[in-house]
2 protein chains.
Amino acid sequence: MKKTLRKIAFIAALSSSSCFAQSTASVVEDFKPSTFNQPGQEYPMVNSQGYARFKIVAPAADSVRVSLGLGGRGGTKLKKADDGTWVGTTEGPMDEGFHYYNVNIDGGKFNDPGTLNFYGSTRWESGIEIPAHDRDFYALKNVPHGNVQQVLFPSPSTNTSRRAFVYTPPGYEKNTKEKYPVLYLQHGWGEDETAWMNQGHANLIMDNLIAEGKIKPFIIVNTYGMTNEVKWGRMKDFKIEPFQTVLIDELIPYVDANFRTIAKPSHRAMAGLSMGGMETKTITLNKPDVFAYYGLLSGGMYAPEDIKDKSKVKLIFLSAGSKEKPERILEATTKLKEAGFNAVSYVSDKTGHEFLTWRRSLLAMAPLLFK
Amino acid sequence: MKKTLRKIAFIAALSSSSCFAQSTASVVEDFKPSTFNQPGQEYPMVNSQGYARFKIVAPAADSVRVSLGLGGRGGTKLKKADDGTWVGTTEGPMDEGFHYYNVNIDGGKFNDPGTLNFYGSTRWESGIEIPAHDRDFYALKNVPHGNVQQVLFPSPSTNTSRRAFVYTPPGYEKNTKEKYPVLYLQHGWGEDETAWMNQGHANLIMDNLIAEGKIKPFIIVNTYGMTNEVKWGRMKDFKIEPFQTVLIDELIPYVDANFRTIAKPSHRAMAGLSMGGMETKTITLNKPDVFAYYGLLSGGMYAPEDIKDKSKVKLIFLSAGSKEKPERILEATTKLKEAGFNAVSYVSDKTGHEFLTWRRSLLAMAPLLFK
């Protein structure tokens, strides 16, 4: 009896970490190009089980390794094929959704020429998309589309023009009498203002929600949170003031002056993923008269005692992936509710600290905003 | 005397092709990071003479070569330094302005992790900027900035949503009574709708021209010209109809419906660089009632007999780099003028078939449009 139990536990441990050795019999040969590939590129490919396969041309190289793979194994080593290309498949299925990666060629870090680049880890990285079973919510559909506007706004505090991306919902150009609420939405450490639209598909998520009548249209603004001025692991050294000044004193007034916004705290939200959540928490607490809706996506939590004036907060949204120990998010939400806050939690099934968690979090949060 | 003449001719030949052997004494050691580098990256670097210097980390590689270099020499071979990095400097100064390149590592084509990527040659390529003496006209300045909007427009003919970028000038959001002329501006072969804003700085050129009062504000629209469906060198096989349908029947009506345009031929221009010039010529001739301003930038020329109704053409603008045999552009302009057209030519000094020619061409053309 004891032996059987141990065997079951062993199998469970294996499958929870997905670290089983690759058996060629188990890999279904229905690989297709990843949806983020460069025009005309076949590789990287993904199969229906979520395995990723890579092919890199570097005939005279001694070693080619892809950083993507199952946890703790140093990625996927490619093998030289007869035609001089390097080919390899991940040892097991990857989590659904978007993953950053890079390619190590003879000791140097490069990108896969087959796929598009995305800003993460403070560099433009390769990206691959493992089709999620629920990918329909961020698909490009034949519905009215909002625009994503690159804005260069004056920033006296940093003595330059800074960039923001502003999503304006479908109809914004034509409904010239209508004014809109605004969500300020921050990226994580290593990323920048391009992340939410490029890897997050925030614009498509909004287009689809609006087309289905699930939300009232609102504007989304992304700008660089200056998060990468501090090294990973040294977050405690991060000073919020420079970014807080840019956001509160420069960007928000610019957006309110140049877009048809409802320029009131009751129609302004701030949310962020990972380190952008930390920024959101700090700034919403420092500036309680600016935002009424707060969202932390894999980005920590509020305690009831953090917030001085409960009446100013209309929503606290906390989320995480199921692989990120979401219990603390759920507990924090319970405590906030008990203290009388409108707190909502969301856990993304079978995802970790990655963009599918955050796409889904936006999907869950958007209908709760500006009620 | 004869000997002296020959010597002078020899020197002239050398300097016109810039193919002199590198003398370390002649390279000024004032290298600075290229303005297109990724955040925090020191290399690639450029010196005040226009030499480019590269540093690539690939300690176990056998050979590293950068495609950029003087014509016909296969780029720049890097040498392994004591610290395991690969370093090299171009044999001579590069032309001023923007250049695409890639890095060959042991026979494979990759990008330089130090710099940003730009879509050219039907792939995202590395890019470097050799500071031009006249770079002020496309510099990011403390002036009001227009927005660059990513638009997804419905395209029944290709059964998808297609992407365009729309530059709206400063003040567009606030001056809600004002309507604007539109320039449809096409990229070249191997490029896409990102080229004019990313490597062309078209938005900054416009912002600066408007701030100096040199032009009346207008809108610019870039979309993918479907040019890369044909192989380089097989241009004759290119069929204009699919793109013409997208542009004329889908994009222009969408832009006129969703932006405050003056929706008349007298306030609509089409221009394009290289193969985008070929598209411009073909479409303006096929559809004489759509555009009144035509621009071919390193993209061929019109003959007077090409145009049936002279009264419909308000401007023909032809340009080329001085290294592109611009005589044929000048001759064509003369013939057009003699035939009674308002034709203007522009030659970019000391540049070839490259983006500084086209940035300058836009600078020269913009003030002539919509008069």
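Residues numbered from 1 in each chain as written. Chains lettered and ligands numbered in written order. Predicted model: local features only at pLDDT ≥ 70, side-chain atom pairs only at ≥ 80, totals over all residues. Heavy atoms only, no water.

### Some details on the overall build of chain A
Then, number 1: Within chain A one finds seven helices and 20 strands.
Then, number 2: Relative to a compact globule of 371 residues, whose C-alpha radius of gyration would be 21 Å, chain A shows 22 Å and is just as compact.
Then, number 3: Taken along its principal axes, the extent of the C-alpha atoms in chain A is 65 × 55 × 45 Å.
Then, number 4: Going through the 371 residues of chain A one by one, you find that 56% of them count as buried.
Then, number 5: Counting contacts in chain A only where the partners sit at least 6 residues apart, residues at least 24 apart contribute 66% of the total.
Then, number 6: Counting every atom, chain A has about 16000 Å² of accessible surface; 54% of that belongs to carbon and sulfur.
Then, number 7: Of the charged side chains in chain A, 45 are positive and 39 negative; the average position of the first set lies 4 Å away from that of the second. (Helix = DSSP H or I, 4+ residues; strand = E, 2+ residues; numbered from the N terminus. Rg over C-alpha atoms; globule rule 2.2 N^0.38 Å. Buried < 20%, exposed > 50% of the residue type's maximum accessible area, 1.4 Å probe, protein only. Contact = heavy atoms within 4.5 Å. Areas by Shrake-Rupley, 256 points an atom, 1.4 Å probe, with all protein chains shown as cover. Lys, Arg positive; Asp, Glu negative; His and termini not counted. Charge placed at Lys NZ, Arg CZ, Asp CG, Glu CD.)

### Remarks on the relation of the copies chain A and chain B
Then, number 1: Screw-axis analysis of chain A against chain B gives a translation of 0.0 Å along the axis, an RMSD of 0.0 Å, and a rotation angle of 180 degrees. Viewed as a symmetry operation, the transformation between the two copies matches a two-fold axis. Considering only C-alpha atoms, the residue of chain A closest to the rotation axis is Gln149(A), which sits at 2.0 Å.
Then, number 2: The fraction of interface residues of chain A whose copies in chain B are also interface residues reaches 100%, indicating that both copies meet through the same surface. (Least-squares fit on C-alpha atoms with pLDDT ≥ 70 in both.)

### A few points about the nonpolar core
Then, number 1: Ranked by size, the top nonpolar core spans 43 residues in total, and within it Tyr184(A), Val221(A), Leu247(A), Phe291(A) and Ile316(A) carry the most contacts.
Then, number 2: Not counting chain neighbours up to four residues away, the residues in contact with Phe291(A) comprise Tyr184(A), Leu247(A), Ile248(A), Ile252(A), Pro265(A), Arg268(A), Ala269(A), Met270(A), Ile283(A), Thr284(A) and Lys312(A). (Core = buried A, V, L, I, M, F, W, Y, C linked by side-chain atoms within 4.5 Å.)

### Some details on the domain arrangement of chain A
Residue and element names in this part refer to chain A.
Then, number 1: Along its sequence, chain A is organised into domain 1 (24-131) and domain 2 (137-368).
Then, number 2: Here the C-alpha centroids of domain 1 and domain 2 sit 31 Å apart.
Then, number 3: The interface is formed by 15 residues belonging to domain 1 together with 19 residues belonging to domain 2.
Then, number 4: Of the roughly 1200 Å² buried between domain 1 and domain 2 on both sides combined, carbon and sulfur atoms contribute 49%.
Then, number 5: The three residues of domain 1 that bury the most area against domain 2 are Asp-95, Phe-98 and Tyr-119, which together make up 37% of that side's buried surface.
Then, number 6: Where domain 1 touches domain 2, the interface holds three salt bridges.
Then, number 7: Between Glu-129 and Arg-359 there is a salt bridge; the shortest N-O distance is 2.7 Å.
Then, number 8: In this structure, the connection of domain 1 to domain 2 is made through eight residue pairs in polar contact (both at pLDDT 80 or more).
Then, number 9: Contributions of two or more residues to the side of domain 1 that touches domain 2 are made by strand 8 (97-101), strand 11 (117-120) and strand 12 (123-130). (Domains from an automatic or database assignment. Buried area = accessible area lost by both parts, 1.4 Å probe. Salt bridge = Lys/Arg side-chain N within 4 Å of Asp/Glu carboxyl O. Polar contact = N/O pair within 3.5 Å; in protein donor to acceptor, adjacent residues only side chain to side chain.)

### Observations regarding the sheet that holds strand 7 (residues 85-89) of chain A
Residues and elements named next belong to chain A.
Then, number 1: Read from one edge to the other, the open sheet built from five strands follows the order 1-2-3-7-6, with strand pairing classed as antiparallel. Where the open sheet ends on each side, the last strands, each with one partner, are strand 1 (32-33) and strand 6 (79-80).
Then, number 2: The pairing of strand 6 with strand 7 spans two bridges and is antiparallel. Its bridge partner lying in strand 7, Lys-79 is registered against Val-87. (Pairing = 2+ DSSP bridges.)

### Details of the interface of chain A and chain B
Then, number 1: Counting residues at the interface gives 42 residues for chain A and 42 residues for chain B.
Then, number 2: For the pair chain A and chain B, the number of links is zero salt bridges.
Then, number 3: The tally of links from chain A across to chain B stands at eleven residue pairs in polar contact (both at pLDDT 80 or more).
Then, number 4: Of all the secondary structure elements, the ones that give two or more residues to the side of chain A that touches chain B are strand 3 (52-57), strand 10 (108-110), strand 11, strand 12, strand 13 (147-155), helix 3 (202-211) and helix 4 (241-258) of chain A.
Then, number 5: Residue contributions to the side of chain A that touches chain B peak at six residues, all from strand 13 of chain A.

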